[in-house]
Amino acid sequence: MAFAHDTEVSLLAAATLANTEDDPDELESVGQLDAFFERFEYTGRHDRDLAELGAVRDLRPKLRRLMTTDRDSAVELVNTMLAEAGALPQLVRHDRFDWHVHAVSPSAPFATRIAVETAMAMIDVIRADEMSRLGVCADDDCDGVVLDLSRNRSRRFCSTSCGNRNAVAAYRARQAADS
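Described below are features of the structure shown in this document. Nothing here was measured: the structure is a model prediction, and the numbers come from that model. (Residues numbered from 1 in each chain as written. Predicted model: local features only at pLDDT ≥ 70, side-chain atom pairs only at ≥ 80, totals over all residues. Heavy atoms only, no water.)

Some remarks on the overall build of the protein chain
Part 1 of the argument: Secondary structure summary: the protein chain contains six helices and four strands in total.
Part 2 of the argument: Along the protein chain, helices (α) and strands (β) appear in the sequence α-α-α-α-β-β-α-β-β-α when read from the amino end.
Part 3 of the argument: Against the 2.2 N^0.38 benchmark of 16 Å for 179 residues, the protein chain shows a C-alpha radius of gyration of 18 Å, consistent with a compact globule.
Part 4 of the argument: With the principal axes as the frame, the protein chain shows a C-alpha extent of 65 × 35 × 30 Å.
Part 5 of the argument: When burial is assessed residue by residue, the protein chain has 41% of its 179 residues classed as buried.
Part 6 of the argument: For the protein chain, the share of sequence-separated contacts (at least 6 apart) that also reach a separation of at least 24 residues comes to 56%.
Part 7 of the argument: Of note, the protein chain has its 21 positive side-chain charges centred 4 Å away from the centre of its 31 negative side-chain charges. (Helix = DSSP H or I, 4+ residues; strand = E, 2+ residues; numbered from the N terminus. Rg over C-alpha atoms; globule rule 2.2 N^0.38 Å. Buried < 20%, exposed > 50% of the residue type's maximum accessible area, 1.4 Å probe, protein only. Contact = heavy atoms within 4.5 Å. Lys, Arg positive; Asp, Glu negative; His and termini not counted. Charge placed at Lys NZ, Arg CZ, Asp CG, Glu CD.)

Right, here's the structure in full:
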């Protein structure tokens, strides 16, 4: 299943944001929030202050819950997120991006825009019955969010480091068994 570009970017941003909560926390400064804003090419209001940082940090558990729950629970969360923001979907074109959907004003707080863009992306996931593309890292010591956009649905780890750690452990286990 290939999702629209804006859906994929919103899902990737949400998974990345949810995973910043892990130890060590990767979203502790306004500078780190600026880097997140730039990395995922957000547009619109960006206050660059501690209040905005706190609001975005507070959003992480909700995104994690949304991306790791069952389909019916995800529907409830999506509907709540959209209602709370007063979302009004519209097609927009800006910068280097062709027509795509925005559902809140560019002047809405950054955390609100993240929540709504994630909710809108999850609508596509839910309608396509593709919740299996979302899950929790297969590493026993990690609970990171996994977004699998691969063709063969083979992604099991939230990051390269978790995947590498498990590959090394499996290799060492095979070596020990051969000895």
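Moving on, there is more to tell.
Topic: the pairing of strand β1 (residues 90-94)
Part 1 of the argument: Looking at chain direction, β1 and strand β2 (residues 97-102) are connected through four bridges and run antiparallel. Bridging from a neighbouring strand, L91 pairs with V101 of β2.
Part 2 of the argument: Once β1 ends, the chain turns through two residues before running back antiparallel as β2, passing D95 with a positive phi of about 45°. (Pairing = 2+ DSSP bridges.)

Thoughts on the environment of T69
Part 1 of the argument: The residue T69 is located in the loop between α3 (50-68) and α4 (71-85) in this model.
Part 2 of the argument: Looking at T69, the relative accessible area reads 23%, which means it is partly exposed.
Part 3 of the argument: Sequence separation between T69 and V136 is 67 residues, and the spatial gap between their C-alpha atoms is 10.0 Å.
Part 4 of the argument: Setting aside anything within four residues of it in sequence, one finds T69 in contact with A74, L77 and M131.

Brief notes about the packing of aromatic side chains
Part 1 of the argument: Under the criterion given, the structure shown has six aromatic pairs.
Part 2 of the argument: Centre to centre, the rings of F37 and F110 are 5.0 Å apart; their planes meet at 70°, and the pair counts as edge-to-face. Note that F37 is positioned in helix α2 (residues 30-39) and F110 in helix α5 (residues 110-127), a separation of 73 residues in sequence.
Part 3 of the argument: Judged by its relative accessible area of 9%, F37 falls in the buried class. (Phe/Tyr/Trp six-rings, centres within 6.5 Å; stacked < 30°, edge-to-face > 60°.)

Considering the state of the cysteines
A covalent bond between the sulfur atoms of two cysteines is referred to as a disulfide.
Part 1 of the argument: Within the structure shown, the criterion is met by zero disulfides.
Part 2 of the argument: Residue C137 stays outside any disulfide, its sulfur separated by 3.8 Å from that of C162, the closest cysteine.
Part 3 of the argument: Its relative accessible area of 6% is what places C137 among the buried residues.
Part 4 of the argument: Of all cysteine sulfurs, the one in C158 lies closest to C142, which takes part in no disulfide; the gap is 3.6 Å. (Disulfide = S-S within 2.5 Å.)

Some points on a nonpolar patch on the surface
Part 1 of the argument: On the surface, L91, W99 and V101 cluster together into a nonpolar patch covering about 320 Å² of accessible area.
Part 2 of the argument: With respect to the helices and strands, the residue L91 is situated in strand β1.
Part 3 of the argument: According to the relative accessible area criterion, L91 is exposed, its value standing at 59%. (Patch = residues over 30% accessible without salt bridge, like charges linked within 9 Å, V, L, I, M, F, W, Y side chains within 5 Å. Areas by Shrake-Rupley, 256 points an atom, 1.4 Å probe, with all protein chains shown as cover. Salt bridge = Lys/Arg side-chain N within 4 Å of Asp/Glu carboxyl O.)

A few points about unusual backbone geometry
Part 1 of the argument: Although it is not a glycine, D95 adopts a positive phi angle of roughly 45°.
Part 2 of the argument: Tracing the chain through its elements places D95 in the loop between β1 and β2.
Part 3 of the argument: The class of D95 is exposed, set by a relative accessible area of 65%.
Part 4 of the argument: Backbone geometry at R153 places phi at a positive 55°, although glycine is not the residue there.

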